[in-house]
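Results of the structural survey
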Amino acid sequence: MTGLLGTRGSSSIAGHGRRVAHPARDQGRAAVSAGYPGRVHTSGPRILVVDDEAALAKVVASYLEREGFEVALAHDGPTAVALARRTDPVLVVLDLMLPGFDGIEVCRQLRTFSDAYVLMLTARGDEVDKVIGLSVGADDYVVKPFGPRELVARVRAMLRRPRSGTVAEAPRRIGGLVVDPVSRTVSVDDAPVALTRTEFDVLLALSERPSAALSRRQIIDEVWGPNWFGDEHIVDVHIRALRRKLGDDAAAPRFVRTVRGVGYAMEATG
């Protein structure tokens, strides 16, 4: 299948792939099986696919399973949150429009207990939807309709991102800001700051070279990887979220300053 996915009302989706059932080996996997009977694939990282279009969700799941991922499905907001709590996925493919409560609320609740990557799906071209999704903790987005290979490529790119620093790397101090690459913690004036994985990675990229101005593309290459494609203004949304959590002010920055015509840099004075 090489066509586009995500067009509502399409009844031509076929070729979901062979479903492989395995006995549940622990309570988490039993919960996956309960959430979508028969779909448990145990050979790779666990992904939760959340979409109210069952046919689309099954096709997305089949492509991910062929790539070696373990996949669970949910078709509404409350089920998605419950499954995420029970199964601890490494990544959630999350539709924006859901019954029960929408993807924004799912993402907001996820961020109270999980640091899983969130790849949000939206059928709209409205920039507001993308901004809201990213601001509540989504890491990236794909606009429907999309090619299944594009989605798999985005998932693989996110999971390739490094998650820890080297043992010998010391915490980085910029004024009252402390960024610890090893423990992946951040504090401002000795008060801990809770960041999403992507927000931390953006801050890590900036703090690695605090005197350098990085373009959006450079930040994307560091955080999302050089093969990432999409709207580079995704960086701006994460910078706004970072500033809000750090108590920073774009007009009078302590930590992150805008470099006109270039991108962003750390404010050396802190």
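This text follows the structure it describes.
Summarised in this report is the structure supplied together with it.

**Considering the packing of aromatic side chains**
- The final tally for this structure, using the stated rule, is one aromatic pair.
- Seen from their ring centres, Trp224 and Trp228 are 6.1 Å apart, and the 50 degrees between their planes marks the pair as tilted. One exposure class covers both Trp224 and Trp228, and it is buried.
- The ring centre of Tyr63 lies 5.0 Å from the NZ or CZ of Arg66, which sits over that ring.
- We note Arg197 situated over the ring of Tyr117; from NZ or CZ to the ring centre the distance is 4.9 Å.

**Notes on the pattern of salt bridges**
- Tallying each qualifying case throughout the model produces 17 salt bridges.
- Glu150 is paired through a salt bridge with Arg154; the nearest N and O atoms lie 4.0 Å apart. Here Arg154 and Glu150 lie together in helix α6 (residues 148–159), a separation of four residues that amounts to about one turn.
- The partner of Asp236 in a salt bridge is Arg216, with the nearest N and O atoms 2.9 Å apart. Here the residue Asp236 occupies a position in helix α9 (residues 234–246), and Arg216 occupies one in helix α8 (residues 216–223), the gap between them amounting to 20 residues.
- On the accessibility criterion, Arg216 (28% relative accessible area) is partly exposed.
- Taken together, the shared-partner salt bridges in this structure form one network comprising Asp51, Glu53, Asp95 and Lys144.

**Some words on the packing of α8 against α9**
- Where α8 contacts α9, the two axes come as close as 9 Å, and the packing angle between them is 80 degrees. Considering their axes alone, α8 and α9 lie roughly perpendicular with respect to each other. Counting all contacts with α8, which are made through Arg216, Ile219 and Ile220, the residues of α9 involved are Ile234, Val235 and Asp236.
- Grouping the constituent residues of the contact of α8 with α9 by class yields four nonpolar, no polar and two charged.

**Brief notes about the sheet that holds strand β4 (residues 117–122)**
- Read across the sheet, five strands follow the order β2-β1-β3-β4-β5 without closing on themselves; strand pairing throughout is parallel. Each edge of the open sheet is held by one strand with a lone partner, namely β2 (70–74) and β5 (140–143). On average, adjacent strands in this sheet sit at an angle of 20 degrees to one another, irrespective of strand direction.
- Sheet topology note: the β4/β5 ladder contains four bridges and is parallel. The residue of β5 that forms the bridge with Leu121 is Val142.
- Set on the sheet, α6 makes contact with β1 (46–50), β3 (91–95), β4 and β5; between it and β4 the angle comes to about 155 degrees.

**Some thoughts on the sheet that holds strand β7 (residues 177–180)**
- Strand order in the open sheet formed by four strands is β6-β7-β8-β9, with antiparallel pairing between adjacent strands. Here the strands that pair on one side only, and so sit at the sheet edges, are β6 (172–174) and β9 (191–193). Ignoring strand direction, the axes of neighbouring strands in this sheet form an average angle of 25 degrees.
- As judged from the four bridges shared by β7 and strand β8 (residues 185–188), these two strands associate in the antiparallel manner. When the bridges of β8 are listed, Val179 appears paired with Val186.
- Contacting β6, β7 and β8, helix α7 (residues 197–208) runs over the sheet at an angle of about 105 degrees to β7.

Each value, and the rule that gives it
Residues numbered from 1 in each chain as written. Predicted model: local features only at pLDDT ≥ 70, side-chain atom pairs only at ≥ 80, totals over all residues. Heavy atoms only, no water. Phe/Tyr/Trp six-rings, centres within 6.5 Å; stacked < 30°, edge-to-face > 60°. Buried < 20%, exposed > 50% of the residue type's maximum accessible area, 1.4 Å probe, protein only. Lys NZ or Arg CZ within 6 Å of the ring centre and 35° of its normal. Salt bridge = Lys/Arg side-chain N within 4 Å of Asp/Glu carboxyl O. Helix = DSSP H or I, 4+ residues; strand = E, 2+ residues; numbered from the N terminus. Axes fitted to C-alpha atoms, helices over the stretch in contact; angles between N-to-C directions. Parallel < 35°, antiparallel > 145°, perpendicular 65-115°, else oblique. Contact = heavy atoms within 4.5 Å. Nonpolar A, V, L, I, M, F, W, Y, C, P; charged D, E, K, R; others polar. Pairing = 2+ DSSP bridges.

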